[in-house]
Amino acid sequence: MLAVMLLSSCASISPNGVGRINRYSFANEAVPEEFVGYKIAFISDIHYPSLFAQPHLKKLTRKLQKESPDMLLLGGDYVTSVDFLDELFDSLSSVQPLDGIFAVLGNHERRTKELVARTMSDYCIELLADTVVAIERGSAVIYLAGVYDSFAYDSLVVQPAETVSDEEFVMLLCHTPDYAEFSSTTADIVFSGHTHGGQVSLFGLYTPVKNTQYGSRFLRGRNVTTSGATVITTTGVGTSRRKVRFCVPSEIVFVTLKRNKK
């Protein structure tokens with residue numbers, strides 16, 4: 001029985017172009033009533049095409065379209081070569097979520113950030129470069145902040161005290177989960193990637209490469225920083241360096257907002 005459970009945890013076959021769908025509910029008293037049920041789709045570390053070839057991209061896009069998210073977040077590390085930028089962003093732009101597509105850059109965009117930014121703009125994908133945007137529903141509003149370089153821990157975009165009060169709901173998009181802990185972010189929820197969940201794990205019992213200075217603490221899934229921010233770390237979509245995944249399926253993340261009573 002244990003062997004079956006371990007093997008099932010390594011399964012990566014899915015009709016959605018990725019290994020699994022991870023769904024979370026996030027309840028917070030700062031979420032306005034108008035945003036209860038708000039659905040956020042989140043993908044990161046596509047590294048297109050790597051192991052994530054064109055047929056997978058088409059399936060992923062169709063799945064996102066079918067889910068009809070209110071917002072799509074892209075967490076960085078997009079292509080293995082800039083030759084694939086147009087193909088990737090053209091496909092993702094067809095999702096057309098109600099409030100748009102928002103993105104940050106990953107470490108793989110450091111040398112090509114200007115080109116990536118221009119290509120995103122061509123496909124109506126909004127790059128969050130140390131900026132905060134307001135999402136409105138009538139008179140209610142929530143905020144989304146994005147970090148231009150999440151390895152530059154002195155960025156203060158996640159402390160939007162000048163424009164956002166402590167009572168308002170703030171989401172943060174940054175490439176690496178380490179930023180959320182190191183910066184002691186005041187955001188309510190953080191979306192990050194970079195770790196690939198280790199990409200290779202020995203049946204979930206041991207992960208040799210973690211790509212985070214905090215060990216397994218923010219390696220994947222839902223966790224909490226010292227300052228109390230919830231961090232969702234996705235295992236990502238594609239593969240980096242070595243084209244292999246073992247016991248760490250690629251994934252799409254969906255987060256649905258709910259409201260806690262004060």
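See above for the structure.
Sequence order sets the numbering: in each chain, residues are counted from 1 along the sequence as written. Given that the model is predicted, a residue must reach a pLDDT of at least 70 before its local features are reported, and side-chain atom pairs must reach 80 or more before they are shown or counted; all residues, however, enter totals for whole chains, interfaces and linings. Computation of side-chain values covers all heavy atoms of the structure but excludes hydrogens and water.

Student: How should the pattern of salt bridges be read in this particular structure?
Tutor: Two side chains carrying opposite charge are able to pair once their charged atoms lie near each other. Every case where a carboxyl oxygen of Asp or Glu lies within 4 Å of a side-chain nitrogen of Lys or Arg is listed as a salt bridge. For the structure on display, the rule yields nine salt bridges. Of the charged contacts, one joins Arg 23 and Glu 67 as a salt bridge, the two residues approaching to 2.6 Å between their closest N and O atoms. Within this pair, whereas Arg 23 is found in strand 1 (residues 20-27), its partner Glu 67 is found in helix 2 (residues 54-67), the two being separated by 44 residues in sequence. For Arg 137, the salt bridge is made with Asp 70, and the minimal N-O distance between the two is 3.5 Å. Residue Arg 137 is located in strand 6 (residues 131-137), and its partner Asp 70 is located in the loop between helix 2 and strand 3 (71-74); the two are separated by 67 residues in the primary sequence. On the accessibility criterion, Asp 70 (17% relative accessible area) is buried. What emerges from the salt-bridge pattern is a single network uniting Arg 23, Lys 39, Lys 63 and Glu 67. In this text, helices come from DSSP runs of H or I with a minimum length of four residues, and strands from runs of E with a minimum of two, each type numbered from the N-terminal end. Partly exposed residues are those whose accessible area sits between 20% and 50% of the maximum for their type, while under 20% is buried and over 50% is exposed, using a 1.4 Å probe and protein chains only.

Student: What's the story with the sheet that holds strand 5 (residues 125-127) in this structure? I'm lost.
Tutor: To summarise the sheet geometry, strands pair through backbone hydrogen bonds and adopt either a parallel or an antiparallel arrangement. Note on pairing: DSSP must find at least two bridges between two strands before they are called paired. Taken in spatial order, the six strands line up as 1-12-2-3-4-5 in an open sheet, and their pairing is mixed. Across the chains shown, the open sheet's two edge strands, defined by having one partner strand only, are strand 1 and strand 5. Across the sheet, the axes of successive neighbouring strands diverge by a mean angle of 25°, strand direction being ignored. Throughout, a contact is declared for two residues whenever any of their heavy atoms are within 4.5 Å. For helices, the fitted line uses only the C-alpha atoms of the stretch in contact; every axis is such a line through C-alpha atoms, and the angle between N-to-C directions lies from 0 to 180 degrees. In the packing of helix 2 onto the sheet, the strands contacted are strand 1, strand 2 (39-43), strand 3 and strand 12 (251-258), and the crossing angle to strand 12 comes to about 15°.

Student: Is there a simple way to explain the sheet that holds strand 8 (residues 170-173) in this structure?
Tutor: Overall, mixed pairing links the six strands, which are arranged 6-7-8-9-11-10 in an open sheet. The open sheet has two edge strands with one neighbour each: strand 6 and strand 10 (221-224). Averaged over all neighbouring strand pairs, the angle between strand axes comes to 20°, with direction disregarded. Two elements, strand 9 (residues 189-192) and strand 11 (residues 230-233), share four bridges in a ladder whose sense is parallel. Its bridge partner being in strand 11, Ile 189 is matched across the sheet by Thr 230.

Student: How should I be thinking about the packing of aromatic side chains in this particular structure?
Tutor: Think of a pair of aromatic rings as described by two things: how far the centres are apart, and how the planes are tilted against each other in angle. Here a Phe, Tyr or Trp ring, Trp counted by its six-membered ring, pairs with any other such ring whose centre lies within 6.5 Å, and the pair is stacked when the planes are under 30 degrees apart, edge-to-face when over 60, and tilted otherwise. Across all of its chains, the model carries seven aromatic pairs by this definition. Residues Phe 35 and Tyr 38 carry aromatic rings whose centres are separated by 5.3 Å and whose planes lie at 55° to one another, so their mutual orientation is tilted. Residue Tyr 38 is classed as buried on the basis of its relative accessible area of 3%. An aromatic cluster is present here, built from Tyr 48, Phe 52 and Phe 84 joined pairwise through their rings.

Student: For this particular structure, what's the right way to read the nonpolar core?
Tutor: When a protein is soluble and globular, its nonpolar side chains tend to lie buried together. By size, the foremost hydrophobic cluster in this structure holds 28 residues, and its most contacted members are Ile 43, Ile 46, Leu 64, Leu 74, Tyr 78, Leu 88 and Met 120. Every element with two or more residues in this core is listed here: strand 2, helix 2, strand 3, helix 3 (85-93), strand 4 (101-103), helix 4 (113-122), strand 5 and strand 12. Take this core: its biggest share by element is four residues, from helix 3. Residue types Ala, Val, Leu, Ile, Met, Phe, Trp, Tyr and Cys, when buried and joined through side-chain atoms within 4.5 Å, form a set referred to as a nonpolar core. With 27 residues, the next largest nonpolar core counts Phe 42, Val 104, Met 171 and Phe 191 among its residues.

Student: Quick question: what am I supposed to make of the pairing of strand 6 here?
Tutor: The side chains of a regular strand alternate between the sheet's two faces. Here strand 6 runs beside strand 7 (residues 140-146); their pairing, made up of seven bridges, is antiparallel. By the bridge assignment, Val 133 is partnered in strand 7 with Leu 144. If you look at the hairpin formed by strand 6 and strand 7, you'll find two residues sitting between the two strands, and Gly 138 has a positive phi there, around 65°.

Student: How should I be thinking about the environment of Glu 168 in this particular structure?
Tutor: Along the chain, the position of Glu 168 falls in the loop between strand 7 and strand 8. Distance from Glu 168 to Ala 30, taken between C-alpha atoms, is 5.5 Å for residues 138 residues apart in sequence.

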